[in-house]
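Each chain, letter by letter, is given below.
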Amino acid sequence: MAKPLTRADGPQSVPALLQRNATQFANAPAYREKEYGIWQSWTWAETHDEVQALALGLMNLGVNEGDFVAVIGRNRPYLYWAMIAAEMVGAVPVPLYQDANAEEMAYVLGHCGARFVIVGDQEQVDKVIEVQEGLHQFEHLIYLDPRGLRKYDHTTLHQYSHVQDQGRAAYDEYIKELERRIAKLDYDSTGVMLYTSGTTGKPKGVVLSNRNIIETAKSSSDFDGLRQTDDILAYLPMAWVGDFIFSVGQAMWTGFCTNCPESAETMHVDLREIGPTYYFAPPRVFETQLTNVMIRMEDASPFKKRLFDYFMAHARKVGPSILDGKPVGGWDRLKYQLGELCIYGPLKNTLGFSRVRVGYTAGEAIGPEIFDFYRSLGINLKQLYGQTEATVFITAQPDGEVRSDTVGVTCPGVELKIADNGEVFYRSPGVFVEYYKNAESTADTKDAEGWVATGDAGFIEEGSGHLRIIDRAKDVGQMADGSLFAPKYVENKLKFFPNILEVVVFGNGRDECTAFINIDLTAVGNWAERNNIGYASYQELARHPQVMDTIQSHVEEVNKSVAEDPMLSGCQVHRFVVLHKELDADDGELTRTRKVRRRIIEDKFHDIITALYDGSKSISTETEVTYEDGRKGSIKATLEVRDAKVVPVARKMAAE
Amino acid sequence: MNATAESYTTEDGRTIGPVVMEMKNITLRFGGVEAIKDISFDIREGEIRAIIGPNGAGKSSMLNVISGFYVPQEGEVWYKGSRRPSMRPYQVAEQGIARTFQNIALFEGMSVLDNVMTGRLTHMNTGLFAQSFWKGKAEQEEIANREVAEKIIDFLEIQAIRKTPVSRLSYGLKKRVELARALAAEPSILLLDEPMAGMNVEEKEDMSRFILDVNDEFGTTIALIEHDMGVVMDLSDRVVVMDYGKKIGDGTPDDVRNNQDVIDAYLGVAHD
């Protein structure tokens, strides 16, 4: 267990925490990365040396206090060090999404006026070079992987290891100044700036101070009893606040080890090899894993399949109660242990969850059966609710009070209030400093007393005190007859079906609701394979009549369940289409964190929406698509518009 | 022909060295069929040299002559300044010439890693006895060779399939594994027999990228046969064009593109 550390006189910045760890946990592993098939590791003392060498090298290149240093690439120890080194020299690290296209990158780099950019590989170098013309403050580019870059003009381009070498060589010259700069950092200095993905408009730069980072890391680590011997797998985008808090904030605070996968494709193998004890994943990852397990079980021998079904049924019955420490009969317990031996243990091992002590999911609603599946296996999966502006944590579920439909109770130090229109407000030590160069938005979001608007509508459940989120506050609207319109509520219910990947529900200010649906190519493709249905593309599979029938039955099932809630019964989906293309962040339809951008979709597919409301049986449309390399093309298709049965509801709810 | 001994720098900054391999008046016959008729051309160090031509032009036969699989009835192969005597393919491999095949020739039941490791065979010296006990020298040798293999796996971005049996891979990936195996031999000349055949556009783009990277990163000389004209013109420094076993063109992609004989061979000629 980590020793309790006092706060007021404790380290007041991330670099100070690194120095503390380098002495206190000198020989404990701090970072691991799989490279050339082997897990390479660095102790805290080694990490300190590496970071210091880079910091000295950055000073040698002329990084001044107050400069912005952008960091772009997949999760690698070197890039985490780059962020810490940047803070060491008094600059502000700005991690960017590595899959952002050149245009998005240009906006962020221009907005913060980054003088230095540290990137992973040639792909990122090319993007930065492509946009550098428009960036007035940009000066130096540092890259990690030299592959393919030898012929590039190296006047402003530097290899990461060379910068470190130069830093080591210039040790005597700069170390005094570096120590002075580190000593100057305190709770109020900026620790990091993160750009929000922005469901509307341009991304905003959220400035987080060392206070935000350290206080949040401290209270959340206490909340879940994280300790120095924990392991995490860092695979989520570095530009996302969650990854920053888990892999930098909490890792620095508790001194646990951050493990980086070999590549995005090997993530599942690496997960299994590392066996993290603390794990975070968005619902989508859990969904995909569950789908894969189920598909593979379909192919298992009948005996194994029966064993699996039998014990899984038992796990569903008693697993969650055992996990919550509720009383369970001796016979059930024994049977559960037998299941652990035959099924749950091996399954958890395959999934890489054998050692998970604390697991979180957030960002989207998770399907109850998915959530229960993992919990029944004995994996302590919980939900949390947070945002960049709060340095992640607003509410989280304490052990023993976990449910799929709430997001938990307030985290230590967080206050919550619900406005009259249902919008959730919070105040905490994690509340961000400001939006960079955007006083107007800062004032709109954060009031003088420090209350921050989440933009989400929700309510606090009577009795349990748990927060429940219904939808984005601005998306909650009214139907023509005045009843409540909460699209996300319906969309989530639909997305819980494995066949459905993405849904967009329309209906604000209209008489009835309609929906766009994206099928899940893995699940439906697998079904097609089993039933000897040939298809060549997403588009072809999406308009197969049997697929349409299945989706229709899902919609009708959801309508039944929506009708049961008197407040939301107006949100039943009357008509729907299965879209001819998958909604994609490259086309601007989703954010980089895969949230639906409603306005853009409404604009782009207005012809289909019209068809959904004017009673046509089909609609021909043409859509522009952007390929991964930035080229554009278009898809033409004729979509079938289907009617879904709705449950009649007595419209007694008059308008307010 | 003095120019052949000198190095020069290409427009994109790569250094092309002197001639490393030269074919002199090669003629190859199968019974009465003349597959290759009196062909001469050279390959310079560090360049990407393409051999193109319509079906049955004798491209693969030419590659097989270079790799030592076929022995030409007439003509000489000069390699690194001396005339190469007639050789078995394994002797050619020991000289630093590695190849891939038009119809993938991997060990289907073995994992990707094992397949790549077989490419290291020419670099392993310990005997059967040491290998069976494995301790000491054999172990060190395997570790050193595994390191090279892993670097190539990393280079070609096939880490995720490292332990996957080759039989379970897609065609495009198998092609990449084959390239990995050839690269594991750390060849000075790499022969690629239709590296893009049967690939989709995306796989072709990846493969082109890898070929350029291999040439750039390891300085490997590459001789490739290819059907896809677009790919050839973009990739190669110089192109030999063959038709019915004869050489009908030789030069930079631009020269070849404007060569009337080549245009005729590819587009056909109207006979009056």
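Predicted model, so just to flag it, every value in this text is computed and none were measured.

A look at the sheet that holds strand β29 (residues 642–643) of chain A
All names here are of chain A.
- One open sheet accounts for 4 strands, arranged β24-β25-β26-β29; its pairing is mixed. Edge positions in the sheet fall to β24 (500–506) and β29, since each has one partner strand and no second.
- Note: strand β26 (residues 573–578) against β29, 2 bridges, orientation antiparallel. Within β29, the position partnered with R575 by the bridge is D643.
- Sheet contacts for helix α16 (residues 487–495): β24, β25 (513–519) and β26; angle to β24, the most-contacted strand, approximately 155°.

Re the interface of chain A and chain B
- Each partner contributes to the interface: chain A provides 10 residues, whereas chain B provides 13 residues.
- Partitioning the side of chain A that touches chain B into residue classes produces 1 nonpolar, 4 polar and 5 charged.

Remarks on the sheet that holds strand β5 (residues 48–52) of chain B
All names here are of chain B.
- Here 6 strands make up an open sheet; going across it, the order is β8-β9-β10-β5-β11-β12 and the pairing mixed. Two strands in the sheet have a free side with no partner beyond their single neighbour: β8 (97–99) and β12 (246–251). Each strand axis lies, on average, 15° off the axis of its neighbour in the sheet, ignoring direction.
- Where β8 and strand β9 (residues 189–193) come together, 3 bridges link them in parallel fashion. Of the residues in β9, the one forming a bridge with A98 is L190.
- Relative to β12, helix α10 (residues 260–267) is tilted by about 125°, and along the sheet it contacts β11 (238–243) and β12.

With respect to unusual backbone geometry
- Positive phi, normally seen in glycine, also occurs at V392(A), with a value near 75°.
- As for its position among the elements, V392(A) is in strand β15 (residues 392–396).
- V392(A) gets classed as buried once you count the C-beta atoms within 10 Å, which come to 29.
- For E157(B), which is not glycine, the phi dihedral falls at a positive 55°.
- Within the secondary structure layout, E157(B) lies in the loop between α5 (137–155) and α6 (171–184).
- Judged by local crowding, E157(B) falls into the partly exposed class, with 14 C-beta atoms found within 10 Å.

Procedures and definitions
- Residue positions are given per chain, counted from 1 along the sequence in the order it is written.
- Chain A is the first chain written and ligand 1 is the first ligand written, with later ones labelled in order.
- Local features in a predicted model are, by the rule used here, given only for residues with pLDDT of at least 70; side-chain atom pairs are given and counted only at 80 or more, and totals for whole chains, interfaces and linings are based on all residues.
- Any two strands between which DSSP finds at least two bridges are classified as paired.
- Elements are defined by DSSP. Helices are runs of H or I of four residues or more, strands are runs of E of two residues or more, and each kind is numbered from the N terminus.
- A residue pair is marked as a contact if its C-beta atoms, positioned from the backbone, fall within 7 Å.
- Note on method: axes are straight lines fitted to C-alpha atoms, helices fitted across the in-contact stretch only, with angles between N-to-C directions ranging 0 to 180 degrees.
- By the convention adopted, Pro, Cys, Tyr, Trp, Phe, Met, Ile, Leu, Val and Ala count as nonpolar, Lys, Arg, Asp and Glu as charged, and the other residues, Gly among them, as polar.
- Partly exposed residues are those falling between the two cut-offs: more than 12 but fewer than 20 other C-beta atoms within 10 Å of their own, whereas 20 or more means buried and 12 or fewer means exposed, with C-beta atoms placed from the backbone.

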